Amino acid sequence: MKVGLFIPCYIDQFYPQVGIATLQLLEKLGCNVSFPLNQTCCGQPMANSGFAALSKNCDKNFVANFRGFDYIVGPSGSCVLHLKEHLHDEQHPGEAQHIRKHVYELTEFLVDILKIEKLDASFPHKVGLHNSCHGQRGLHLSSMSERMLPAFSKPQQLLSMVKGLELSLPVRSDECCGFGGTFCVFEEAVSVKMGKDRIADHATNDVDYITGGDVSCLMHLEGILKRNGSNVKTVHIAEILNSSL
Amino acid sequence: MSISKLSHAEAAEQFIKDEPRTDWHDETLWFVRQKRDKAAHGLPEWEKLREWASQIKDHTLSNLDNYLKEFESKAQDNGVIVHWAADGEEHNRIIYDIITHHKIKKIVKSKSMLTEECGLNEFLHAKGIETVDTDLGERIVQFRQEAPSHIVLPAIHLKKQDVSDTFHEHLHTEKGNNDPQYLTEAARQHLREKFIESELAITGVNFAVAETGGFIVCTNEGNADMGAHAAKIHIACMGFEKMIPKAEHLSVFLRLLARSATGQPITTYSSHFHKPREGQEMHIVIVDNGRSRQLGRADFRNSLKCIRCAACFNTCPVYRRSGGHSYHTAVAGPIGSILNPNIDMRANADLPFASTLCGSCSNVCPVKIDIHDQLWKWRQVLVAEGYVDTTKKIGLKGMAFVLARPGLYRFAGKAGRAMMRMFPWLLNNKLNPWYKQREMPAPPKESFRDWYIKNKQQ
Ligand code: SF4
């Protein structure tokens, strides 16, 4: 199984440890992983700001990097969702289509494709799970409170395999954190208020860490936590699943 | 009425300055959302109902011309006078003509977001005609000369104290008495008088049934009935999307509407109007006001399925924290953000961006409108039409340029991280909205790619 590792631009630049954890985890689980060296970005920042028309060349670059893989896996729900919904390449429509159908968010890949039932991981801490909206409602990584359908959660299923981890959910278990791409800058006041509220909800559970499948949400929450001198830390779910403390 | 000239982001920032009030607003609406969840959980067929509602509306919108004609002729057979209005102005003029023709002085109005959309109150006011809004929340905001901030709970931005002050000023209630029962009673007495005196009643329409020519008005206070039954003229105003084909379809919508709106199993009063009672005159004004344009936009026609339950408002994490007035339009919230750019693209270009695209709205919507996808699509349209500020355009163009070139991207990334390490004040300053209330991520020396080449590719 040839897996192309997709490390979104901001993870590549600011959170390399998340990329490393993702790679090591996939290798531990027996995947043949390679990281195409000329990848940049999925194009989502442009598209969500109304400039989808500008992401053509970025899309093209993505297709050039990731064609030929059985699966493409990335540790970011929102980037993966964007690719699934919007990746286009006029010159290589077949390849673009293949990628759209075979790109997976990490936890989704572990549960649905690798069908992981146990993990050799340990993370002895109190952890709060932040369900990112694009992961949850977009990729259906977990059930949402708006719908009257059976409950499930892929990230939770994986976290339950980690030794020593004590999971707690906030009361509003699937409310948005307020990051929202360029929203976090253009609607700064609402964005920060939403983030503060998410943190407050987790804080009542006395968590040591807030985790999730999207570095973007975590980066936003981390920024607020640090500014306010909180002891709560953020950690990507790949880092927990790859951890053997 | 005071409609803010600020952009959504600016008005939201103002609103959030009073953080305890923001928290209270958020919690109050979240409480309604939870009531909705509980009510929906009580129906095992909830998702099926949503699907049916959505399909009935799809079908209706695809055959709207026929259903409207059928409705018109049935209503006329019932003795109702039917008017057609191309826009808000025509809607207002039709109503004004009826008023002046009968030399009416006293008018009561029950809640109708359409008349709000058309600016009827201001229009009549400018002509020297006063209407009294009889929904309690509407009356409160009317006293304060504010616009409603929510389509179901028009005064939800106000606390008891605010209402008490308003009533003290306008109804001479005891100063500082915040007892809801006392205040409601004062409003009730005041409104009773208005109902008795009124010669003409204006109501909205929740559903219009093509098969029967009848229409249904849902209120929790019964004020639409009181107005319509007491007055000798009843004018019902409806956007043309209120149509449903048959009376039997009502069961689907009435079950969804009340649960989605407030978590009630049924609205307290669902009043069915078919014909004028003896001696009464009944009018229906059917309004387009941009709806046919929206119907013609394949990407946005779905928005006309809306039954105005406001579930998308209550669930929206942005709405809950920015308040309805920040949307500066009659219909606020997520659905307002896709309806209003259709009415005026320039004035409302900010609204589709006032969302994180979290998708909660689309999933809570009882008629399955793909709200967050339409917000995304509006952004593309607005940018293509040039309704976006230049800095944003330059920024994103630059970004797209860099991200399409791997070498440049790596260079920029490395340079950027180095700058952040060496000259943190470059970004850690007031001009950077991220930094205002958040720390920047700590830039690592090495990107993932650098690490990969070093450790994996020897
Ligand atoms: S868009 Fe849907 S949820 Fe929002 S008010 Fe309309 S029907 Fe209700």
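Residues numbered from 1 in each chain as written. Chains lettered and ligands numbered in written order. Predicted model: local features only at pLDDT ≥ 70, side-chain atom pairs only at ≥ 80, totals over all residues. Heavy atoms only, no water.

(A) Expanded view of the packing of aromatic side chains. On inspection of all chains with the given rule, the structure shows 20 aromatic pairs over all chains. Ring geometry for A:Phe6 and A:Phe66: centres 6.0 Å apart, planes at 80 degrees, overall edge-to-face. With a gap of 60 residues between them, A:Phe6 in the loop between β1 (2-5) and α1 (9-14) and A:Phe66 in helix α4 (residues 56-66) connect regions that are remote in the sequence. Pair check on accessibility: A:Phe6 and A:Phe66 agree, each one buried. A centroid spacing of 5.3 Å and a plane angle of 20 degrees characterise the contact between B:Phe215 and B:Phe273, whose relative ring orientation is stacked. Here B:Phe215 is found in strand β6 (residues 214-219), whereas its partner B:Phe273 is found in strand β9 (residues 269-273), with 58 residues between them in sequence. The same class applies to B:Phe215 as to B:Phe273, namely buried. In textbook terms, an aromatic cluster arises when at least three aromatic residues are bridged by ring pairs, as seen for A:Phe6, A:Phe62, A:Phe66 and A:Phe69. Here the basic side chain of B:Lys127 rests over the ring of B:Tyr96, its NZ or CZ set 5.0 Å away from the ring centre. (Phe/Tyr/Trp six-rings, centres within 6.5 Å; stacked < 30°, edge-to-face > 60°. Helix = DSSP H or I, 4+ residues; strand = E, 2+ residues; numbered from the N terminus. Buried < 20%, exposed > 50% of the residue type's maximum accessible area, 1.4 Å probe, protein only. Lys NZ or Arg CZ within 6 Å of the ring centre and 35° of its normal.)

(B) Region of interest: helix α1 (residues 8-17) of chain B. Every buried residue of α1(B) is listed here: B:His8, B:Ala11, B:Ala12, B:Phe15 and B:Ile16. Seen along its axis, α1(B) keeps its buried residues to an arc of 135 degrees; they face one direction. (Arc of directions from axis to C-beta.)

(C) Structural context of the side chain of A:Asn242. All names here are of chain A. Its location among the elements puts Asn 242 in the segment after α13 (237-241). A polar side-chain atom of Asn 242 sits 3.0 Å from a polar atom in the side chain of Gln 24. Within the structure, the side chain of Asn 242 is placed 2.9 Å from the side chain of Lys 28, a separation counted as a polar contact. With near-sequence residues (within four places) excluded, Asn 242 lies in contact with Ala 21, Gln 24, Leu 25 and Lys 28. (Polar contact = N/O pair within 3.5 Å; in protein donor to acceptor, adjacent residues only side chain to side chain. Contact = heavy atoms within 4.5 Å.)

(D) Focus on the interface of chain B and chain A. Counting residues at the interface gives 76 residues for chain B, matched by 70 residues for chain A. Carbon and sulfur atoms supply 62% of the area buried between chain B and chain A, which totals about 6,500 Å² over both sides. Where chain B packs against chain A, one counts 11 salt bridges. As a salt-bridge pair, A:Glu27 and B:Lys456 come within 2.8 Å of each other at their nearest N and O atoms. On the surface where chain B and chain A come into contact, there are 39 residue pairs in polar contact (both at pLDDT 80 or more). In terms of residues, the side of chain B that touches chain A owes the most to one element, helix α2 (residues 19-41) of chain B, which gives 11 residues. The class makeup of the residues in the side of chain B that touches chain A is 35 nonpolar, 15 polar and 26 charged. (Buried area = accessible area lost by both parts, 1.4 Å probe. Salt bridge = Lys/Arg side-chain N within 4 Å of Asp/Glu carboxyl O. Nonpolar A, V, L, I, M, F, W, Y, C, P; charged D, E, K, R; others polar.)

(E) Seen up close, the side chain of A:Ser76. For A:Ser76, the location among the structural elements is in the loop between β3 (71-74) and α5 (77-86). Beyond its immediate chain neighbours, meaning those up to four positions away, A:Ser76 contacts A:Pro8, A:Tyr10, A:Ile11, A:Glu105, A:Gly213 and A:Asp214.

(F) Spotlight on the domain arrangement of chain A. Residues and elements named next belong to chain A. Domain boundaries assigned for chain A yield domain 1 (2-113) and domain 2 (126-241). The C-alpha centroid of domain 2 is placed 22 Å from the C-alpha centroid of domain 1. Tallying the contact residues gives 25 residues for domain 1 and 20 residues for domain 2. Between domain 1 and domain 2, a total of about 1,900 Å² is buried, with carbon and sulfur atoms accounting for 68% of that surface. Summed over the shared surface of domain 1 and domain 2, the number is 1 salt bridge. In this structure, the connection of domain 1 to domain 2 is made through 8 residue pairs in polar contact (both at pLDDT 80 or more). For the side of domain 1 that touches domain 2, the secondary-structure elements that each account for two or more residues are α1, α2 (16-28), α3 (44-48), α5 and α7 (106-113). Residue contributions to the side of domain 1 that touches domain 2 peak at 6 residues, all from α7. When grouped by side-chain class, the residues that make up the side of domain 1 that touches domain 2 number 12 nonpolar, 9 polar and 4 charged. (Domains from an automatic or database assignment.)

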